[in-house]
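# Coordinate inspection notes
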Amino acid sequence: MKTQPHAFARRALAATAAATVAIVISGCSAGGGGSAPAEYEAPDSDLEASITYGVWDQNQVPAIEENIALFNEQFPNIDVTVNVTPYAEYWTKLQTQGSSDTLPDVFWMNGPNIGLYGSNGLLEPIAGAVEAGDIDPANYPEALVDLYTIDDVQYGVPKDFDTIGIWANRALFEQAGVELPEGDWTWDEFQQTAADISEALSAEGIYGAAGGMDGQTTYYNTIFQAGGTVIDGDTSGYAAPEAQAGIQFWTDLIASGGSPTIQQLTDTTGDQWFTSGKTAMYWGGSWFRSALIDSDLDVTVLPLPTGEEQATVIHGVSNVVSATSQNKQAAQAFQVFLASEEAQAQQGEAGAVIPAFTGTQGAFTESMPDADLQVFLDALEYAQPLPVSNNSAAWNAFEAELLPQAFSGERPVEEVTTELAEQMDAALAEE
Amino acid sequence: MTTVSRPTAVPAPSTPDGAGPAGPPAHTPRRRPSLRGDGAWPWLFVTPLVAGVAVFYLWPILQTAGYSLTESGPFGGSTFAGIENYLALFADPRLYLSLANTLLYTGIVLLGIPLAVVLASLLNLPGLRFASLYRVLFFLPYVAMPTAVAMVWRVIFNGDFGLLNFLLGTVGIEGPYWISTPGAAVVAVAIVGLWSSLGFSMIVLAAGLKNIPPELYEAAELDGASRWRQFRAITVPLLTPSIFFVTIITVISSFQLFDLLYAILGSSNPVLPRSMSLVYFFYREGFVDNDKGYAAAIAMVVFLIIGLVTAVQFRLQRRWVHGD
C-alpha cells in the first residue's frame, strides 16, 4: 500500500504537466485570430521603468538618441536602451527572441514580417492608444496604416516611409547626347531612352539602366503600373496577363541591351553599377539618398514611367510593442511618443529617412537640393503598399528563384509566371 | 593513471579460472586500476567537460531529433507528426540536388590534400630559406574570417571586372561568370574552400613529417634512392596517419559547407537554388520558410550522412594507413 501515494503523486504531476502543455499550446494558437481588449493607459510622468528598443540601422541611431532625450524630458524615469542588430541577422534573432518570449519591449517591424508576428499574437495592438486619442492613424500615409493592419487590428505606428523613383546620372545623359526626360513619361519612352544611352556609350561599357532582381524597387512597380497585382487576397496575382506584362518590361529592357544581363547584375548589383557611373538610370528607393549624398555623381530623380496607370511601391518601418513586454505601459508610452509629430520631425531633420507623419517631410527634400527628391513625396498620391502575406519570405524565395529565368530570356515569361503562381498559391495555402 | 597500482605493459600471468567475469569477486582481489578506488575525484575532474558536451552537444542533438518528428510553427507550438517530415524530405528533389552539390564541393576540396602533402614536404626540405614565412602565408587563409575571405573572392570572381577573368583574358581564355553560372558557382566556391583549408592540412602534415626519423632518409640516400623515390617510399607511407586525420576533418567540414557558399554567392543570387549545399538547404527551410520540423529532419539526415561517411573512412583506413 506504500506505493499508492507515489503513484497518485506521479499521476497528478503528469496531469499538471499535460495541462501546462495544453495551456501553452492554446495560448499560442489563441493569439492568432482575436485581439484581446486593448489595455492602454498613458502613464504618469514619474513612472519608473527600463525598456529596450530593437532597431537595425546604425545610421539612424543619432536621431533615435535625440528622440530618447526628448522622451526623457516627459518621462525622466523611463530608461530606454537601444539594441542595434544588423539587418541580415535582425530577423533571425527576432524569431529566436519571439520563440522564447524575450522580444525587445519596442522594436522595428517591416511589411514582409508584420503578418508573421501579428498573426501569431506576438504584438500588442495599438487600439487602446488610438481610442485614447494619443495616436491618430489619419496622420500617416493610408497605405502604410493598411500594411500594419492584420485582420482589422492595427499593430504598428508608421515611423517613416519610402517610395521608388528613378535615380538618374545627369553627366551620362549629357555624354550620350540624350535629353533628360522632364515630367511624366511612358514605358516606351523609358525603354527607348535606356537603349539609346546603351548604344551611344557601348564603347565605355556604360548602360542606360539596370534591370531588376528585387521586387520592391523594380518589378512590383511595373506589375502595378500594368494594372496587375502580386498578391490578391489569398492567391497569387502572377498568373494574370497584367502581371506578366510587368515582368516582360524587364525582359525587354535586358533584351534591347538597355540593361546589363542578369549574370552581370548578379556579379555586380544594380546600385553598384549606378554608383560607379556605369549606368545612367537606376530604379531605387528614397533610402538610396544616403549612398549618394557623399558621392561625386551629379544625380537627380525622375518619376517612374507610366504603363496602363501610374504606380509606385510604398513601404515603411513601424514601431511595435511586444505583447509579452514586462513594462508594457512604458513601452506603449514610448511607442506613442515615437509616433508624435515632434519625434518624427526630429527624425526628418536628421535626414536619414522620410518621416511618416504628414507635414514633417520638408527637411528630407532639402537635404539634397540638386536632386529632385520631391518626386518621392509626390509619389504618395499613387503609391500602393508593398505586397506581403503572413509568411512573405516563403514566396519571396520563389520569386528570387524563378523570375531571373524570365528576365534573362532563358524561359518564356508566361511559362515562368504560371509556375511561380502555382508555387506561390501552394505556399499561401499553407499559411 | 594511478601510480599506486602500477600496471605493467606485459599482462601478468593470470589463473585461468580468475580471468573470466564469472569468477567470484570476493576471492580474487584484482590488481587492475579501478575508478572506484579513487572515489569521486576522477568524476569531478571530467564533469566540466562531460557537462559541457552533454548540454551543448548531446542535448541539442536529442532535441533536434525530437523536433524532426514534429510540425512546428515559426514561434514554437509544435504538433507531433511522426516520420512525415522524413517521408516528405526523401521525396524532395532538393535533398538530392544539395547532396550532389555538397559531394562535388567535398571532392574538389579533397584534391587539396595531395597538394598539401607535396607542399608540406617541400617546406620541410632541409635548408629551405624563409620556411616559417611560407608556413604563415599558407596558414593565413585558414584563420581569416570566412565572410571576409568571401568578400574578396566575390571581387576576384566578378565576371566583368574580376581579377581571375582578367588573368584568363591575358592568355586568351574568356572566363565564365563564375558565381552566376549554375555549375560554375559550386566549383568557384570549392576553389575557395580548397584554398582556405590548405593551410590547416599543411600544418598537420608538417607536424607528421617531423615525426619521421631522419635516419630513414639517410639510409635511403646511402642506398642511392632519389628524392622522388624517398618521397614515395618513406614520406607518404609514414605520413598516412596524418593524411587520414586531415581527410576525416576535411570531409566533415566540407559536409557542413554553409558560410562560404552563402557569402560568396549572395542571398539574391538566381543560381543559389541550383547550387545550394545540404546545410544551406537546412537554413532555408528553417529560417526562411519557417519550417523548423522539416529543417530538423534535414539536420538529422546530414548528421547521419556525416556519421556514416566517417565510419566508412575508419573502416577503409586499415587498408592504407600504416599503424605505428
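For every chain, the first residue of the written sequence is number 1, and numbering continues from 1 onward in sequence order. Written order decides the labels, with chains lettered from A and ligands numbered from 1. Residues qualify for local features only when their pLDDT is at least 70, as the model is predicted, and side-chain atom pairs are given and counted only at 80 or more; totals for whole chains, interfaces and linings, by contrast, use all residues. No hydrogens and no water enter the side-chain calculation; it runs on all heavy atoms of the structure.

## Thoughts on the packing of helix 8 (residues 187-200) of chain A against helix 10 (residues 241-255) of chain A
Residues and elements named next belong to chain A. What counts, and what does not: Geometry is summarised by axes, namely lines fitted to C-alpha atoms with helices restricted to the contacting stretch, and by angles between N-to-C directions that run from 0 to 180 degrees. The numbering of helices and of strands both runs from the N terminus, where a helix is a DSSP run of H or I of at least 4 residues and a strand a run of E of at least 2. Between 65 and 115 degrees an angle is taken as roughly perpendicular, under 35 as roughly parallel, over 145 as roughly antiparallel, and anywhere else as oblique. By the definition used in this description, the sense in which the near helix is turned from the far one sets the handedness, with an anticlockwise turn below a right angle giving left-handed and a clockwise turn giving right-handed. Residues are treated as being in contact if the distance between any of their heavy atoms lies within 4.5 Å. Classes in brief: Ala, Val, Leu, Ile, Met, Phe, Trp, Tyr, Cys and Pro nonpolar; Asp, Glu, Lys and Arg charged; the others, Gly included, polar.
The contact between helix 8 and helix 10 brings their axes to 10 Å, and the two run at 20°. It follows that helix 8 is roughly parallel to helix 10 by the angle criterion. As helix 8 packs across helix 10, the resulting crossing turns out to be right-handed. Residues Trp187, Phe190, Gln191 and Ala194 of helix 8 pack against Ala245, Gly246, Phe249, Asp252 and Leu253 of helix 10. Grouping the constituent residues of the contact of helix 8 with helix 10 by class yields 6 nonpolar, 2 polar and 1 charged.

## Things to note about a negative patch on the surface
In plain terms, the rule: Each patch is built from salt-bridge-free residues with over 30% relative accessible area, joining like charges within 9 Å and nonpolar side chains (Val, Leu, Ile, Met, Phe, Trp, Tyr) within 5 Å. Per-residue and other accessible areas were derived by the Shrake-Rupley procedure at a 1.4 Å probe size, with only the shown protein chains allowed to occlude residues. When a carboxyl oxygen of Asp or Glu is within 4 Å of a side-chain nitrogen of Lys or Arg, the pair counts as a salt bridge. For the charge count, each Lys or Arg is scored as positive and each Asp or Glu as negative, with His and the chain ends excluded. Charge positions are represented by NZ for Lys, CZ for Arg, CG for Asp and CD for Glu. Exposed residues in this analysis have more than 50% of their type's maximum accessible area, buried residues have under 20%, and partly exposed residues fall in between, with area computed by a 1.4 Å probe over protein chains only.
Residues Asp234(A), Glu430(A), Glu431(A), Glu71(B) and Glu84(B) make up a contiguous surface patch of negative charge. Note that Glu430(A) resides in helix 19 (residues 413-430). Judged by its relative accessible area of 71%, Glu430(A) is exposed.

## Overview of the interface of chain B and chain A
Basically, it comes down to this: Accessible area, probed at 1.4 Å, shrinks when two parts are joined; the buried area is that loss added up over both. Here a polar contact is taken to be a pair of N or O atoms separated by no more than 3.5 Å, where protein atoms must pair a possible hydrogen donor with a possible acceptor and residues adjacent in sequence count only if both atoms sit in side chains.
Counting residues at the interface gives 25 residues for chain B and 27 residues for chain A. Together chain B and chain A conceal approximately 2200 Å² of surface at their shared face, both sides included; 52% is due to carbon and sulfur atoms. The interface formed by chain B and chain A contains 2 salt bridges. Residue Arg284(B) is joined to Glu401(A) by a salt bridge in which the shortest nitrogen-to-oxygen separation is 3.4 Å. Our count for the contact surface shared by chain B and chain A stands at 13 residue pairs in polar contact (both at pLDDT 80 or more). The element that contributes the greatest number of residues to the side of chain B that touches chain A is helix 14 (residues 278-288) of chain B, accounting for 4 residues. When grouped by side-chain class, the residues that make up the side of chain B that touches chain A number 10 nonpolar, 9 polar and 6 charged.

## Structural notes on the pairing of strand 8 (residues 164-169) of chain A
Residue and element names in this part refer to chain A. This is how the line gets drawn: DSSP calls a pair of strands paired once it identifies at least 2 bridges connecting them.
Of all 6 residues in strand 8, 6 are buried, a share of seventy percent or more. Taken together, the 5 bridges between strand 8 and strand 11 (residues 281-285) define a ladder with antiparallel strand orientation. Counterpart to Ile164 in the pairing with strand 11 is Gly285. Strand direction decides the pairing type here: strand 8 and strand 12 (residues 299-302), joined by 4 bridges, are antiparallel. Its bridge partner lying in strand 12, Ala168 is registered against Thr300.

## Quick notes on the sheet that holds strand 1 (residues 49-55) of chain A
All names here are of chain A. Strand order in the open sheet made by the 5 strands is 2-1-3-14-6, with mixed pairing throughout. Two strands close off the open sheet at either side, each with one partner strand: strand 2 (78-84) and strand 6 (157-158). Relative to strand 2, strand 1 runs parallel, the two sharing 7 bridges. Its bridge partner lying in strand 2, Ile51 is registered against Val80. Across the face of the sheet, helix 14 (residues 328-339) comes into contact with strand 1, strand 2, strand 3 (106-109), strand 6 and strand 14 (318-321) while running at roughly 165° to strand 14.

## Regarding empty space enclosed by the protein
All names here are of chain A. Rule in force here: A 1.4 Å probe that fits into a set of points on a 1 Å grid over the protein atoms alone but cannot get out defines a cavity; an open set with protein on both sides within 12 Å along at least five of seven lines defines a pocket, and lining residues are those with an atom within 4 Å of a point. Grid points are joined across faces, edges and corners, and a volume is the space filled by probe spheres set on the points.
Tallied over the full model, the rule gives 4 cavities of 30 Å³ or more. Taken together, Gly54, Asn83, Thr85, Tyr90, Lys93, Leu94, Gln97, Pro104 and Phe107 make up the full set of residues lining the largest cavity. Examining the composition of the lining of the largest cavity, we find that 4 residues originate from one element, helix 3 (residues 87-99), more than from any other. Partitioning the lining of the largest cavity into residue classes produces 4 nonpolar, 4 polar and 1 charged.

## Quick look at the pattern of salt bridges
Following the criterion strictly, the structure yields 9 salt bridges over all chains and no others. Linking Asp92(B) and Arg94(B) is a salt bridge whose minimum nitrogen-to-oxygen distance equals 3.0 Å. Look at Arg94(B) and you get partly exposed, because its relative accessible area is 26%. In the salt-bridge network here, residues are joined through shared partners; they are Arg411(A), Glu415(A) and Glu419(A).

## Re the environment of Thr418(A)
Residues and elements named next belong to chain A. Locating Thr418 in the fold gives a position in helix 19. Given a relative accessible area of 33%, Thr418 falls into the partly exposed group. Sequence separation of Thr418 and Tyr238 is 180 residues, and the distance between their C-alpha atoms is 6.8 Å.

## Here we look at the nonpolar core
Residue and element names in this part refer to chain A. Applicable threshold: Here, nonpolar core means buried Ala, Val, Leu, Ile, Met, Phe, Trp, Tyr and Cys residues that are tied together by side-chain atoms lying within 4.5 Å of each other. For the domains described, the bounds stem from an automatic or database domain assignment.
Core analysis: the largest hydrophobic core is formed by 61 residues, its most contacted members being Tyr53, Met109, Tyr117, Trp167 and Phe334. Counting residues per element, this core draws most heavily on helix 14, which supplies 6 residues. Per-domain counts for this core show at least three residues from each of domain 1 (49-161 + 316-359) and domain 2 (164-314 + 371-430). Leu253, Trp283, Ala311 and Leu403 belong to the second largest nonpolar core, which has 52 residues in total.

## Focus on the packing of aromatic side chains
Here is the rule we go by: Planes of paired rings set the category: under 30 degrees apart is stacked, over 60 is edge-to-face and the rest tilted, where pairs are Phe, Tyr or Trp rings (Trp by its six-membered ring) whose centres lie within 6.5 Å. Charge-over-ring placement is defined geometrically: NZ (Lys) or CZ (Arg) within 6 Å of the ring centre, and within 35 degrees of the ring normal.
For the structure shown, the criterion picks out 46 aromatic pairs over all chains. Taking 5.3 Å as the distance between ring centres and 40° as the angle between the ring planes, the aromatic pair formed by Trp153(B) and Phe157(B) counts as tilted. Here the residue Trp153(B) and the residue Phe157(B) both occupy positions in helix 7 (residues 146-157), the gap between them amounting to 4 residues, near one helical turn. Each member of the pair Trp153(B) and Phe157(B) is classed as buried. One aromatic cluster in this structure is built from Trp56(A), Tyr87(A), Tyr90(A), Trp91(A), Trp108(A) and Tyr117(A). Positioned above the aromatic ring of Phe287(B) is the side chain of Lys292(B), whose terminal nitrogen or guanidinium carbon lies 5.0 Å from the ring centre.

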